[in-house]
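Observations on chain architecture
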Amino acid sequence: MASGSLAVQPGLLLGMSPGRRTYQIAQAVALLSLVVLLSVVPFAKVQLAQLPSFIPTYESALILNDLITAVLLFGQFAITRSRAMLALASGYLFTATVAGGHLLSFPGLFAPSGLLGAGPQSTAWIYMFWHAGFPLFVIAYAVLKDREEQQPDRFTPYTLTGRTTLLTIAAVVGAAVACVALATAGGHWLPAVMAGNGYAPAQPIIAGAVWGFCVVALAVLWRSKPHLTIDIWLMVVLCVWICDVALSAVFNGGRYDLGFYAGRMFGLLGASFVLLLLLIENTVLHSRLAAARAELKRLAASHVADGER
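Structure report, in brief.

Scoring rules and cut-offs
- Residues numbered from 1 in each chain as written.
- Predicted model: local features only at pLDDT ≥ 70, side-chain atom pairs only at ≥ 80, totals over all residues.
- Heavy atoms only, no water.
- 1 Å grid on protein atoms, 1.4 Å probe; cavity = no way out; pocket = protein on both sides within 12 Å on 5 of 7 lines; lining within 4 Å.
- Points joined across faces, edges and corners; volume = space filled by probe spheres on them.
- Helix = DSSP H or I, 4+ residues; strand = E, 2+ residues; numbered from the N terminus.
- Phe/Tyr/Trp six-rings, centres within 6.5 Å; stacked < 30°, edge-to-face > 60°.
- Salt bridge = Lys/Arg side-chain N within 4 Å of Asp/Glu carboxyl O.
- Buried < 20%, exposed > 50% of the residue type's maximum accessible area, 1.4 Å probe, protein only.
- Patch = residues over 30% accessible without salt bridge, like charges linked within 9 Å, V, L, I, M, F, W, Y side chains within 5 Å.
- Areas by Shrake-Rupley, 256 points an atom, 1.4 Å probe, with all protein chains shown as cover.
- Core = buried A, V, L, I, M, F, W, Y, C linked by side-chain atoms within 4.5 Å.
- Expected span 1.5 Å × (residues − 1).
- Polar contact = N/O pair within 3.5 Å; in protein donor to acceptor, adjacent residues only side chain to side chain.

Remarks on empty space enclosed by the protein
All chains considered together, the criterion is met by 2 cavities of 30 Å³ or more. Its boundaries defined by the atoms lining it, the largest cavity holds a volume of some 140 Å³. Lining the largest cavity are 14 residues, and of these A124, M194, Y199, S248 and R264 sit closest to its centre. It is helix 6 (residues 122-150) that provides the largest number of residues to the lining of the largest cavity, a total of 4 residues.

Rendered as structure tokens:
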């Protein structure tokens, strides 16, 4: 009976309303990101040295961050049985999987033209799928969260099981693999976005559309009220994501310029916020558990002492 009631209780992230300090910190991070963006944009096309170790180092760290975040969010789903949390966990799993394809296909790292049968357009298109996909999952999270708040008793612990999680993981990984396959094996069906290390004429239009997905996701999440702590930090993630796309694909001139490097540093930063929040939450839960156990031991010792009297 106890386990059944636990399964439908809101998790710490879903049930916690943000305080004034959370809003202030989030606003400061978002404002700092905007200031850095505006400072870098005029120099975004300045060509820098090609650093072969940058991409594998950056993307390995980003993939690891996203995978750990996805695992922790799937754990939140196992406790809350929230479809919104399942959608958000799926978003982080999708980004980690597609980023892996981006890393393997990047030209000049593991093969002159990249692995996975990549062509000259493959890596750029994987980047577009990657950065358009995550905002869509955030939109799904916001919509599902609103529905769950309006109908809190609609989903019982028995309607969302471990099988649901496994099927969702398989579907998300399948979608990510399909995106990578379309950008590699099916690359000839897609318009050219790269001309060597520079951009083709269609690139600004496609990158602008991807940028638009990020802005729409931010607006949908902002309108999804009441805001929870995880919502505030997801909005910060989207602000940083917007800066990432702006510098990496909109205002820069191609690979290995200042925008290319700075945008990816924004991306790595954005991948860390929710992970940090989840790790803090786990630390708090463990400290509460330790305090509860210590209190139980104290009460047990007190009862024993009373009995001896």
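Re the packing of aromatic side chains
Within the structure shown, the criterion is met by 13 aromatic pairs. Their ring planes at 5° and their centres at 5.8 Å tell us that F54 and Y58 sit as a pair that is stacked. Highlighted residues: F54 and Y58, both in helix 4 (residues 54-80), separated by 4 residues, approximately one helical turn. Between F134 and W241, the aromatic rings sit 5.0 Å apart at their centres with planes inclined by 35°, giving tilted as the arrangement. Of the two residues, F134 sits in helix 6 while W241 sits in helix 9 (residues 229-250), which places them 107 residues apart along the sequence.

Side note on the pattern of salt bridges
The full count for this structure, using the stated rule, is 1 salt bridge. In this structure, the salt-bridge partner of K145 is D231, at a minimum N-O distance of 3.1 Å. With a gap of 86 residues between them, K145 in helix 6 and D231 in helix 9 connect regions that are remote in the sequence.

Quick look at the side chain of H131
Note on placement: H131 falls in helix 6. A relative accessible area of 0% places H131 in the buried class.

Things to note about a nonpolar patch on the surface
Together, L31, L34, V35 and L38 make up an exposed nonpolar region whose accessible area comes to about 380 Å². Summarising the element assignment, L38 is placed in helix 3 (residues 20-40).

Topic: the nonpolar core
Judged by nonpolar contacts, the single largest core of 80 residues is most densely connected at Y92 and I230. Of all the elements, helix 9 adds the most residues to this core, at 16 residues.

Description of unusual backbone geometry
For the peptide bond that leads from K225 to P226, omega is 5°, which places it in the cis range. With respect to the helices and strands, the residue P226 is situated in the loop between helix 8 (203-223) and helix 9. Even without being a glycine, L116 presents a positive backbone phi close to 65°. Along the chain, the position of L116 falls in the loop between helix 5 (83-105) and helix 6. Despite not being glycine, Y256 has its phi angle at roughly 65°, a positive value. Among the structural elements, Y256 can be located in the loop between helix 9 and helix 10 (258-270).

Re helix 5
With 23 residues, helix 5 extends 33 Å from end C-alpha to end C-alpha; this agrees with the ideal 33 Å at 1.5 Å per step. When you tally the buried positions in helix 5, you get 20 out of 23 residues, the bulk of the element. Capping the start of helix 5, S82 holds a side-chain oxygen 3.3 Å from the backbone nitrogen of A84, two or three residues further along.

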